[in-house]
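Each chain is listed here by its residues.
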Amino acid sequence: AAGQAIPMQPCQILDLGTTCKSQAELEAFLQRISPRYTAETYQLLSHNCNHFADEVAKFLLDGKGIPSSIVNIAQEALSTPQGAALR
């Protein structure tokens, strides 16, 4: 459930819809993409948990991912004057 891996309350919960994919299809998909989502491939700004969630959502929902404002939140933050100082 949301907020259990890191004990924080979610700031937003989105209903993306329903899927017709089976658990077996999801597990096979996760096996296929797992080499791309490891500690070694993690990039805070460009390849993080939001990108993983978007890819899984797109698989489950036939192309509908999570909002780009969530996927790209790190880039958006860095585009502000305060964020630019972090670069």
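Before any of the text, the structure's been laid out above.
Residues numbered from 1 in each chain as written. Predicted model: local features only at pLDDT ≥ 70, side-chain atom pairs only at ≥ 80, totals over all residues. Heavy atoms only, no water.

K.L.:
How should I be thinking about the overall build of the chain in this particular structure?
P.N.:
Each helix and strand in the chain was counted, giving five helices and zero strands. When its helices and strands are written in sequence order, the chain yields α-α-α-α-α. Taking the principal axes of the C-alpha coordinates as reference, the chain spans close to 45 × 30 × 30 Å. Within the chain, contacts between residues at least 6 apart in sequence are counted, and of these 42% link residues at least 24 apart. Summed over all atoms, the accessible surface of the chain reaches about 6600 Å², with 59% contributed by carbon and sulfur. (Helix = DSSP H or I, 4+ residues; strand = E, 2+ residues; numbered from the N terminus. Contact = heavy atoms within 4.5 Å. Areas by Shrake-Rupley, 256 points an atom, 1.4 Å probe, with all protein chains shown as cover.)

K.L.:
Help me understand the side chain of His51 in this model?
P.N.:
With respect to the secondary-structure elements, His51 resides in helix H2 (residues 49-60). Relative accessible area serves as the criterion here: at 16%, His51 is assigned to the buried category. Ignoring anything within four residues of it in the chain, the contact list for His51 reads Tyr37, Leu45, Ser46, Val71 and Asn72. (Buried < 20%, exposed > 50% of the residue type's maximum accessible area, 1.4 Å probe, protein only.)

K.L.:
Teacher, can you tell me more about the packing of helix H1 (residues 23-33) against H2 here?
P.N.:
Each packed pair of helices is defined by two parameters, the angle between the axes and the distance between the axes. Look at H1 against H2: their axes get within 11 Å of each other, and the N-to-C directions meet at 140°. Here H2 runs oblique to H1, going by the angle between their axes. When you trace H1 past H2, the crossing you get is right-handed. Only Phe52, Glu55, Val56, Phe59 and Leu60 of H2 make contact with H1, whose side of the interface consists of Glu25, Leu26, Phe29, Leu30, Arg32 and Ile33. (Axes fitted to C-alpha atoms, helices over the stretch in contact; angles between N-to-C directions. Parallel < 35°, antiparallel > 145°, perpendicular 65-115°, else oblique. Left-handed = near helix turned anticlockwise from the far one by under 90°.)

K.L.:
Sorry if this is basic, but what is going on with the pattern of salt bridges here?
P.N.:
When their charged atoms lie close together, side chains carrying opposite charge are able to pair. Across all of its chains, the model carries three salt bridges by this definition. Put simply, Asp62 and Lys21 hold a salt bridge, and the shortest N to O gap is 2.8 Å. Here Lys21 lies in the segment before H1 and Asp62 lies in the loop between H2 and helix H3 (68-71), a separation of 41 residues in the sequence. Note on Asp62: relative accessible area 65%, which makes it exposed. Close ionic contact of Asp54 with Lys58 constitutes a salt bridge, the shortest N to O distance being 3.1 Å. One end of the pair, Asp54, and the other, Lys58, are both in helix H2, four residues apart, so they sit about a helical turn from each other. Taking the relative accessible area as the measure of exposure, Lys58 reaches 39% and is therefore partly exposed. (Salt bridge = Lys/Arg side-chain N within 4 Å of Asp/Glu carboxyl O.)

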